Amino acid sequence: METPAGDFEVVDYCFAGLPPQSPLSESALSKSDKMDIDGEPSSSSSGEWIALVSGLEIGLTSGTPADSEFLETSRQLLIEFLLGEAGGVEDQAFSSQISRLIILGNSVVPIIMEEEDETKSVS
């Protein structure tokens, strides 16, 4: 609600949530429906994996040539690993189980346009 002074006053609020759910019985879950847990032998040897990557910094034009070369080499190694071209037989078997790729933060560098007005005022 807005006050006469132009401020907003909170009258009520609520938090999003899920309705209560009834638990599933153990007999309702088949072995294939159960979640793999870290430490179990089957968790790393079967199933599909999701690769999460961040910090690709695509579009980076500033920095030292060594930084640019390091980033380009890192990206190329990532591509080779995801395609199953890098590493040994175990690495290739692992990368063949990756079914999805999620690209996270710091992956695209914003393009900064220099204004022509600044260059004209300097000359």
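Residues numbered from 1 in each chain as written. Predicted model: local features only at pLDDT ≥ 70, side-chain atom pairs only at ≥ 80, totals over all residues. Heavy atoms only, no water.

Remarks on the overall build of the protein chain
Secondary structure assignment for the protein chain yields three helices and two strands. For the protein chain, the succession of helices and strands along the chain, N to C, is β-α-α-β-α. The buried share among the 123 residues of the protein chain stands at 8%. Considering only residue pairs separated by 6 or more positions, the protein chain has 57% of its internal contacts joining residues 24 or more positions apart. Of the accessible surface of the protein chain, which amounts to about 11000 Å², a share of 58% is contributed by carbon and sulfur atoms. (Helix = DSSP H or I, 4+ residues; strand = E, 2+ residues; numbered from the N terminus. Buried < 20%, exposed > 50% of the residue type's maximum accessible area, 1.4 Å probe, protein only. Contact = heavy atoms within 4.5 Å. Areas by Shrake-Rupley, 256 points an atom, 1.4 Å probe, with all protein chains shown as cover.)

Observations regarding the side chain of Ser 107
Following the sequence through the fold, Ser 107 ends up in the loop between strand S2 (98-103) and helix H3 (116-122). When its relative accessible area of 6% is taken as the criterion, Ser 107 is described as buried. Not counting chain neighbours up to four residues away, the residues in contact with Ser 107 comprise Val 53, Ser 54, Gly 55, Leu 56, Glu 57 and Ile 58.

A look at the packing of aromatic side chains
Within the structure shown, the criterion is met by two aromatic pairs. When the centroid spacing of 5.5 Å and the interplanar angle of 50° are considered together, the rings of Trp 49 and Phe 94 count as tilted. With Trp 49 in strand S1 (residues 49-53) and Phe 94 in helix H2 (residues 89-95), this residue pair connects regions lying 45 residues apart in the sequence. Classification of Trp 49 as partly exposed rests on a relative accessible area of 30%. Using a relative accessible area of 33% as the deciding quantity, one classes Phe 94 as partly exposed. Aromatic ring contacts, followed pair by pair, group Trp 49, Phe 81 and Phe 94 into a single cluster. (Phe/Tyr/Trp six-rings, centres within 6.5 Å; stacked < 30°, edge-to-face > 60°.)

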